[in-house]
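Descriptive analysis of the structure
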Amino acid sequence: MSLVGLSQFAKGHWQLLLVCMLAALLVGMRQRIDALKADIGQYQKDNGALTNALTGRDETIQALKGVVDADRRATEQQLKIERQVREKADAENRSLRKALEDNDCSNQRLPADALDILRGETRASLTGSATDLRIPASGIATAL
């Protein structure tokens, strides 16, 4: 068939060709609509998964904020306690200095136990060295 033959056929059957073209257009549009609906369904599933992930992340962030706040409060409380202990120790040291300031004992050497107490050494560490029966390295030759 030539171009002239097609032209004559189209002139004689233009209504049939128009209906066929409209049918083909409708079928093509229907397939495209179905493909778009499938894509929309997949996008909705993906959005649901992302929403769940974001919700979980937000809950985690809120929980971490709570932990940080609790940690900050505990740190502040610990600092407050340490400050009070430091202030008490400073007050005791000031009162001890004041008491010893005008006393003759300031010119004398204090007993070792009193020095240990003032240095903050515990009684356990003092008795621990006294009950240690090992011979020091410097005293091995004299012990034999």
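Residue numbers here run from 1 along each chain, matching the order of that chain's written sequence. Residue-level local features of this predicted model are given only where pLDDT is at least 70; pairs of side-chain atoms are given and counted only at 80 or more, and the full residue set underlies all totals for whole chains, interfaces and linings. Each side-chain value is derived from all of the structure's non-hydrogen atoms; neither hydrogens nor water enter the calculation.

Our focus in this paragraph is the pattern of salt bridges. For this analysis, a salt bridge means a side-chain nitrogen from Lys or Arg found within 4 Å of a carboxyl oxygen belonging to Asp or Glu. Under the criterion given, the structure shown has three salt bridges. Between Arg-72 and Asp-69 there is a salt bridge whose closest N-O contact spans 3.5 Å. In this pair, Arg-72 and Asp-69 both sit in helix α2 (residues 14-101), three residues apart, roughly one turn of the helix. Classification of Arg-72 by relative accessible area gives partly exposed; the value is 40%. Working definition: with a 1.4 Å probe on protein chains only, accessible area under 20% of the residue-type maximum means buried, over 50% means exposed, and in between means partly exposed. A residue is classified by how much of its surface remains accessible, and Asp-69, at 32% relative accessible area, is partly exposed. In this structure, Arg-72 and Glu-76 form a salt bridge, with 3.5 Å as the shortest nitrogen-oxygen distance. Note that Arg-72 and Glu-76 are positioned in helix α2 at a spacing of four residues, about one turn of the helix. The exposure class assigned to Glu-76 is partly exposed, which follows from its relative accessible area of 44%. In the salt-bridge network here, residues are joined through shared partners; they are Asp-69, Arg-72 and Glu-76. Here a helix means four or more residues in a row that DSSP labels H or I, a strand means two or more in a row labelled E, and each is numbered from the N terminus.

Let us look at a nonpolar patch on the surface. Taken together, the side chains of Trp-14, Leu-18, Leu-22, Leu-25, Leu-26, Met-29 and Ile-33 present a nonpolar region at the surface, about 710 Å² in accessible area. Looking at where Met-29 falls in the secondary structure, it is placed in helix α2. You can call Met-29 partly exposed: its relative accessible area is 43%. The patches described consist of residues with a relative accessible area above 30% and no salt bridge, like charges being joined within 9 Å and nonpolar side chains (Val, Leu, Ile, Met, Phe, Trp, Tyr) within 5 Å. Every accessible area reported is derived by Shrake-Rupley at a probe size of 1.4 Å, with residue values counting cover from the shown protein chains alone.

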